Amino acid sequence: MTGPGVAWLLDLAGIFVFAVSGALAAVRQRLDVVGMVVLAEITALGGGILRDLLIGSVPPTAFTSLGYVLVPLSASGLVFFWHPQVTRLLPAVLLFDAAGLGLFCATGTLKALDHGLSPLHSVLLGVVTAVGGGILRDMLSGQIPSVLYDRQLYALPAMLGAAVTAAAWAADLHGGTVTAGAALLAFALRVLALRYGWRTPRPRGVPD
Amino acid sequence: MTGPGVAWLLDLAGIFVFAVSGALAAVRQRLDVVGMVVLAEITALGGGILRDLLIGSVPPTAFTSLGYVLVPLSASGLVFFWHPQVTRLLPAVLLFDAAGLGLFCATGTLKALDHGLSPLHSVLLGVVTAVGGGILRDMLSGQIPSVLYDRQLYALPAMLGAAVTAAAWAADLHGGTVTAGAALLAFALRVLALRYGWRTPRPRGVPD
Amino acid sequence: MTGPGVAWLLDLAGIFVFAVSGALAAVRQRLDVVGMVVLAEITALGGGILRDLLIGSVPPTAFTSLGYVLVPLSASGLVFFWHPQVTRLLPAVLLFDAAGLGLFCATGTLKALDHGLSPLHSVLLGVVTAVGGGILRDMLSGQIPSVLYDRQLYALPAMLGAAVTAAAWAADLHGGTVTAGAALLAFALRVLALRYGWRTPRPRGVPD
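The residue numbers shown here count from 1 along each chain, following its written sequence. Written order decides the labels, with chains lettered from A and ligands numbered from 1. This being a predicted model, a pLDDT of at least 70 is required before a residue's local features are given, and a value of 80 or more before pairs of side-chain atoms are given or counted; all residues contribute to the totals for chains, interfaces and linings. Where side-chain values are given, they derive from all heavy atoms of the structure, hydrogens and water being excluded.

- Chain A carries the name Trimeric intracellular cation channel family protein in an unreviewed UniProt entry, which gives Actinomadura rubrisoli as its organism.
- Reading the Subcellular location (unreviewed entry) entry of the UniProt record for chain A gives the comment "Cell membrane".
- UniProt positions are given in the numbering used here, feature names are shortened, and annotations may be inferred rather than shown by experiment. We quote the UniProt Sequence similarities (unreviewed entry) comment for chain A here in full: "Belongs to the UPF0126 family."

## Overview of the interface of chain B and chain C
A common way to report how large an interface is uses the accessible area buried once the components associate.
And step 1. By definition in these notes, contact holds between two residues if any of their heavy atoms fall within 4.5 Å. In this assembly, 28 residues from chain B lie in contact with 30 residues from chain C.
And step 2. A simple way to read buried area is as the amount of 1.4 Å-probe accessible surface that goes missing from two parts once joined, with both sides added. Summing the contributions of chain B and of chain C, the shared interface buries around 2400 Å²; its carbon and sulfur component is 72%.
And step 3. Think of a salt bridge as a Lys or Arg side-chain nitrogen and an Asp or Glu carboxyl oxygen that are within 4 Å of each other. Run the count over chain B and chain C and you get zero salt bridges.
And step 4. Each polar contact in these results corresponds to two N or O atoms within 3.5 Å; when the atoms are within protein, one needs to be able to donate a hydrogen and the other to accept it, and residues that are neighboring in sequence are counted only if both atoms are side-chain atoms. Where chain B touches chain C, the interface holds 11 residue pairs in polar contact (both at pLDDT 80 or more).
And step 5. Strands are runs of DSSP state E lasting at least two residues, helices are runs of H or I lasting at least four, and both sets are numbered from the N terminus onward. Going through the elements one at a time, α2 (33-55), α5 (119-140) and α6 (155-170) of chain B are the ones with two or more residues in the side of chain B that touches chain C.
And step 6. Sort the elements by how many residues they give to the side of chain B that touches chain C and α5(B) lands first, with six residues.
And step 7. The classification used treats Ala, Val, Leu, Ile, Met, Phe, Trp, Tyr, Cys and Pro as nonpolar, Asp, Glu, Lys and Arg as charged, and all other residues, Gly among them, as polar. Grouping the constituent residues of the side of chain B that touches chain C by class yields 19 nonpolar, four polar and five charged.

## Thoughts on the relation of the copies chain C and chain A
And step 1. With an RMSD of 0.0 Å, chain C superimposes on chain A once it is rotated by 120° and translated 0.0 Å along the axis. In the structure described here, the two chain copies are related by an operation that fits a three-fold rotation axis.
And step 2. When the interface residues of chain C are mapped onto chain A, a mere 7% of them again lie at the interface, so each copy presents a different face. Copies overlap after least-squares fitting; the atoms used are the C-alpha atoms of residues with pLDDT of at least 70 in both.

## Here's the deal with the relation of the copies chain B and chain C
And step 1. Rotating chain B by 120° and translating it 0.0 Å along the rotation axis places it on chain C, where the RMSD comes to 0.0 Å.
And step 2. The overlap is low: 7% of the interface residues of chain B also sit at the interface in chain C, so different surfaces are used on the two sides.

## Some words on the pattern of salt bridges
And step 1. Evaluated as defined, the whole model comprises nine salt bridges over all chains.
And step 2. In this structure, the salt-bridge partner of C:R51 is C:D52, at a minimum N-O distance of 3.0 Å.
And step 3. Judged by relative accessible area, C:R51 falls into the buried class, the value being 9%.
And step 4. Connected through shared salt-bridge partners, A:R51, A:D52 and A:K111 make up one network. To sort residues, take the accessible area from a 1.4 Å probe on protein chains only and compare it with the maximum for the residue type: under 20% means buried, over 50% means exposed, and anything in between is partly exposed.

## Regarding the nonpolar core
And step 1. Nonpolar cores were defined as sets of buried Ala, Val, Leu, Ile, Met, Phe, Trp, Tyr and Cys residues, with membership established by side-chain atoms within 4.5 Å. Of all hydrophobic cores here, the largest spans 162 residues; its most connected members are A:I15, A:V79, A:V131, B:I15 and B:V79.
And step 2. Residues within four places of B:I15 in sequence aside, it is in contact with B:A44, B:L45, B:Y68, B:V71, B:P72 and B:F104.

## Focus: the UniProt feature "domain: Glycine transporter" (unreviewed entry) in chain A
Residue and element names in this part refer to chain A.
And step 1. With numbering aligned to this structure, UniProt lists the feature "domain: Glycine transporter" (unreviewed entry) at residues 9-83 and 95-168.
And step 2. When the span residues 9-83 is considered, its composition is 81% helix and 0% strand, and the gap between its end C-alpha atoms is 24 Å.
And step 3. As annotated, residues 95-168 has a helix share of 76% and a strand share of 0%, and its two end C-alpha atoms lie 26 Å apart.

## Comments concerning the UniProt feature "transmembrane region" (unreviewed entry) in chain A
Residues and elements named next belong to chain A.
And step 1. Under the local residue numbering, the UniProt record ascribes the feature "transmembrane region" (unreviewed entry) to residues 6-26, 33-50, 62-82, 89-110, 122-140, 152-171 and 177-198.
And step 2. Between the C-alpha atoms that bound residues 122-140 there is a distance of 26 Å. The span itself is 100% helix and 0% strand.
And step 3. Between the end C-alpha atoms of residues 152-171 the distance is 31 Å, and the span holds 80% helix and 0% strand.

Below, the structure is given as structure tokens:
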């Protein structure tokens with residue numbers, strides 16, 4: 001980490017990848033250009049907006065930064081014209097999405113801690129930051145949010161990264177290296193789960 | 001009423017029962033453990049969170065109290081392992097749910113009045129407190145919120161309890177006895193409606 | 001424009017028409033009276049509530065004004081008893097809805113600018129004000145929000161009106177005439193699009 005510039009670039013990169021996943025969902029659902037831009041913006045910014053509303057940091061960052069609005073717009077433009085090519089890159093998109101997941105659960109937890117919330121609640125808000133946009137994307141597409149049923153390890157890696165962030169903070173360990181370590185842990189668990197097909201359990205007795 | 005201890009226990013009991021209804025919905029929709037915990041937390045806390053966001057009381061109570069997060073988690077654990085048994089207890093769950101409905105419409109109205117909102121708006125927010133979590137539960141499960149179409153008396157008892165709370169407050173009657181009375185009225189109307197199958201009307205001319 | 005009285009009446013008229021569209025959606029979805037009132041209120045007030053939460057103006061105007069709550073209630077009463085007649089007036093409803101769209105994108109943008117948001121973000125919030133209620137209406141009715149896929153020019157006229165409002169504000173042009181002009185532009189584009197069947201594009205290569 002070499003200062004706020006790197007953190008800012010990583011943040012925008014995570015937002016870009018989340019926006020691509022929203023724009024691709026719009027293609028699958030045969031939405032028009034308005035639907036694509038809305039899904040891209042909400043997928044990318046929705047988790048952070050929910051977190052900011054809940055911790056009382058208004059206007060949310062998404063409404064004070066031009067980059068936060070323009071990056072999803074550019075992701076929409078890319079997918080609008082070249083979605084067949086982007087779809088072919090899906091394995092890479094999944095990898096970058098895992099990186100965004102790791103980054104946002106760590107930074108979301110930190111922001112909640114900075115606003116005075118308890119470690120437990122900050123972990124919750126870190127997870128909300130990481131998965132909230134995807135939940136809103138699925139609800140707007142008329143689908144049950146995939147994180148609630150598809151048994152992939154998606155929310156759990158975010159919870160791991162958030163918990164490590166909160167534990168380090170409680171142990172008075174601060175700084176970019178700690179955040180990066182927590183984000184990497186979440187990223188690694190997500191990638192391993194993708195690679196080996198790890199699944200979350202269903203309630204006892206519910207058949208596959 | 002013997003003080004805030006009783007009110008606090010009742011509050012957590014209401015949250016527990018709402019969480020059970022959310023976790024059971026997750027079983028019906030064949031969600032995984034993540035979906036179950038999310039539905040349990042949102043069903044139990046969603047109404048109060050919406051109310052707190054709307055009256056500007058942030059962070060919402062759910063994000064300042066450990067019990068509010070842990071109680072739905074324990075309800076999820078119960079339903080995860082013993083949902084067949086819990087489903088068999090459904091009549092009792094409906095009864096406790098009616099008690100939660102009564103409690104939350106009264107306490108939600110009071111909190112809005114305390115924040116300076118008008119009696120009419122406080123009644124609205126009391127109803128939001130009582131039924132908002134269930135609406136979010138149904139939206140996340142990919143269903144039309146049952147309170148909007150199933151013709152059961154569910155929102156109307158909440159409105160009665162909220163209106164009585166606001167009327168007592170406007171008449172300068174305060175204290176736990178008044179709140180308990182309003183909650184009991186809403187509870188009684190809900191239970192009578194369940195017992196006798198009372199229905200809300202559909203728009204004129206819409207067939208059954 | 002002859003003062004705040006006219007603006008206030010126009011505002012309530014726009015809310016009335018949006019509420020009628022929500023109540024008619026409830027008839028189509030065969031909801032009961034509770035569902036009708038909820039859809040009428042949310043369709044009429046949802047966009048403004050979202051905007052107010054996002055700019056930190058709480059409680060939202062809808063929770064400080066009696067008229068904002070009572071007007072959708074009266075629209076529900078009208079549709080509850082006379083929905084066949086109201087449905088026959090649909091061309092007129094569409095025209096008034098276009099007027100509400102124009103009005104709310106302009107006033108929503110202005111309110112965000114007044115709260116110190118950047119012109120770009122204020123345009124976004126103007127569009128949220130105009131189309132947010134309809135999106136919530138569709139989500140509560142179990143449908144994909146029509147503005148995301150139906151290729152009608154609905155969000156784009158709102159964006160035009162919002163952009164003209166923000167541009168005028170940036171050029172230090174203020175006052176009711178400017179707002180009215182921006183609202184009229186959005187209204188005119190919406191009506192022309194309805195008249196001539198103009199459509200928004202789908203992503204390249206997605207068939208009709």
